[in-house]
Amino acid sequence: MSYQAKGLQAWFFQRVTGVFMAFYMVYVLWFSLSTELFTYQIWLAWFSHPLMNMATALFFIQLVVHTWVGMRDIVLDYMPGDILRFITLTCISLFLMALSIGMLRILFSLSFNIL
Amino acid sequence: MNDFKKQIKKRPKNLNLLSVKFPMSAVMSVGHRAAGVLLFISIPYFIYVFQLSLSDETGFLQAKTELNSPLVKLFLLIFIWALAHHFLAGIRFLLLDLDIGIEKKWAQKTAVLVIASGFIIFLICSVVLFY
């Protein structure tokens, strides 16, 4: 991809990840509202199902990409000075990577269980 | 090149922010950004609750009681507003990309709709959470 198209790439990522996350959240909301009472068993079984486990991992990766593009836009718009920007963006990216590792650790620690 | 630099120096500056009028679409857009930052900041807390709830039976109950404490409920309420506003404003942006509601008149109306819907969801959830 050419340098000129980098902005288009970010714009495109923002939309694709947004749409995926929207569908995921609607599903989660629907499931939560249609479940009378959440017990630990139901909760665990839900996230131990391979599809839900995978979808949640995908959701989080998309969330991190979406957050990165969004926060980068905000920093580039409002933060003056190259050094300050560099430090802030580095901190945000490391923070997001750390969160991803933490989240994936939780999801991977659940053993797959189909009902 | 020197002419260009002089030109930049001559450029008028409008520093009176009160003279700038914000249309509703701008208010909504700023809200979209602010809500996004808020959602970003709250990610670690939700990872913490998520891992607590999946650790074991006691952890699950602990997470439940934690989410029921008044202070956390207040945070959840603000979070829900941010999520609702960000979600709806995002859908509005997606529709604008498809040239739907792109006319100035409609763009202002949908902006008001997004702000209003965000507050309505906020009110409904505050009733559900606190009563």
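Residues numbered from 1 in each chain as written. Chains lettered and ligands numbered in written order. Predicted model: local features only at pLDDT ≥ 70, side-chain atom pairs only at ≥ 80, totals over all residues.

A. Structural view of the overall build of chain A. On a plain count of helices and strands, chain A comes out with four helices and zero strands. Counting from the amino terminus, chain A carries its helices and strands in the arrangement α-α-α-α. Against the compact-globule benchmark of 13 Å for 115 residues, chain A has a radius of gyration of 18 Å, which places it well outside the compact range. Across its three principal directions, the C-alpha atoms of chain A cover 50 × 25 × 25 Å. Within chain A, contacts between residues at least 6 apart in sequence are counted, and of these 76% link residues at least 24 apart. (Helix = DSSP H or I, 4+ residues; strand = E, 2+ residues; numbered from the N terminus. Rg over C-alpha atoms; globule rule 2.2 N^0.38 Å. Contact = placed C-beta atoms within 7 Å.)

B. Molecular detail of the interface of chain B and chain A. Listed as interface residues are 17 residues of chain B and, on the opposing side, 16 residues of chain A. A total of eleven residues in the side of chain B that touches chain A trace back to one element, the largest contributor, which is helix 2 (residues 24–55) of chain B. Here the side of chain B that touches chain A is built from residues that sort into ten nonpolar, four polar and three charged. (Nonpolar A, V, L, I, M, F, W, Y, C, P; charged D, E, K, R; others polar.)

C. Quick look at the environment of Lys-21 of chain B. As for its position among the elements, Lys-21 of chain B is in the loop between helix 1 (2–10) and helix 2. In this structure the C-alpha to C-alpha distance between Lys-21 of chain B and Leu-129 of chain B, which are 108 residues apart in sequence, comes to 36 Å.

D. Layout of the nonpolar core. Of all hydrophobic cores here, the largest spans 14 residues; its most connected members are Met-28, Leu-39, Ala-82, Ala-84, Leu-88, Ala-89 and Val-114 of chain B. When residues of this core are traced back to their parent elements, those giving at least two are helix 3 (50–78) of chain A together with helix 2, helix 4 (70–97) and helix 5 (104–130) of chain B. Sorting elements by how many residues they give to this core places helix 4 of chain B first, with six residues. Excluding residues that lie within four positions of it along the chain, Leu-39 of chain B makes contacts with Ala-82, Leu-83 and His-86 of chain B. Among the nonpolar cores identified, the runner-up in size contains six residues, and Phe-59, Leu-63 and Met-103 of chain A together with Leu-54 of chain B belong to it. (Core = buried A, V, L, I, M, F, W, Y, C linked by C-beta atoms within 7 Å. Buried ≥ 20, exposed ≤ 12 C-beta atoms within 10 Å, placed from the backbone.)

E. Quick peek at unusual backbone geometry. Positive phi is not limited to glycine here, since Asp-99 of chain B has a value of about 65°. On the secondary structure map, Asp-99 of chain B appears in the loop between helix 4 and helix 5.

F. A look at the environment of Met-103 of chain A. Take Met-103 of chain A: it is sitting in helix 4 (residues 82–109). Given 23 C-beta atoms within 10 Å, Met-103 of chain A falls into the buried group. Taking the C-alpha atoms as reference, Met-103 of chain A lies 9.4 Å from Thr-56 of chain A; in sequence the two are 47 residues apart. Beyond its immediate sequence surroundings of up to four residues, Met-103 of chain A is in contact with Phe-60 of chain A together with Ile-47 of chain B.

G. Summary view of helix 4 of chain B. All names here are of chain B. With 28 residues, helix 4 extends 40 Å from end C-alpha to end C-alpha; this agrees with the ideal 40 Å at 1.5 Å per step. Among the residues making up helix 4, those that are buried are Trp-81, Ala-82, Ala-84, His-85, His-86, Phe-87, Leu-88, Ala-89, Gly-90 and Arg-92. Remark: Asp-99 follows helix 4 within two positions and exhibits a positive phi of approximately 65°. (Expected span 1.5 Å × (residues − 1).)

H. Quick look at the confidence of the model for chain B. All names here are of chain B. Averaged over all residues, the pLDDT of chain B equals 90, while 95% of them reach at least 70. The secondary structure element of chain B with the lowest average pLDDT is helix 1, at 70, and the one with the highest is helix 4, at 96. Scored by ipTM, the complex comes to 0.91, with pTM at 0.88. (pLDDT = per-residue confidence, 0-100.)

I. Region of the structure containing the packing of helix 2 of chain B against helix 3 (residues 57–68) of chain B. All names here are of chain B. Where helix 2 meets helix 3, the axes come as close as 5 Å, and the angle between the chain directions of the two elements is 140°. Judged by the angle between their axes, helix 2 and helix 3 are oblique. Of the residues in helix 3, those touching helix 2 at Val-49, Leu-52, Ser-53 and Ser-55 are Gly-59, Phe-60, Gln-62, Ala-63, Glu-66 and Leu-67. Taken together, the residues that form the contact of helix 2 with helix 3 break down as five nonpolar, four polar and one charged. (Axes fitted to C-alpha atoms, helices over the stretch in contact; angles between N-to-C directions. Parallel < 35°, antiparallel > 145°, perpendicular 65-115°, else oblique.)

J. Representation of the packing of helix 4 of chain B against helix 5 of chain B. All names here are of chain B. Helix 5 packs onto helix 4 with a crossing angle of 155° between their chain directions and a minimal axis gap of 9 Å. If you check the angle between helix 4 and helix 5, you find them roughly antiparallel. Once helix 4 is placed against helix 5, the crossing between them reads as right-handed. Note on element contacts: helix 5 touches helix 4 through Thr-110, Val-114, Ser-117, Gly-118, Ile-121, Phe-122, Cys-125, Ser-126, Leu-129 and Phe-130, opposite Lys-73, Leu-76, Leu-77, Ile-80, Trp-81, Ala-84, His-85, Leu-88, Ala-89 and Arg-92. Here the contact of helix 4 with helix 5 is built from residues that sort into 13 nonpolar, five polar and two charged. (Left-handed = near helix turned anticlockwise from the far one by under 90°.)

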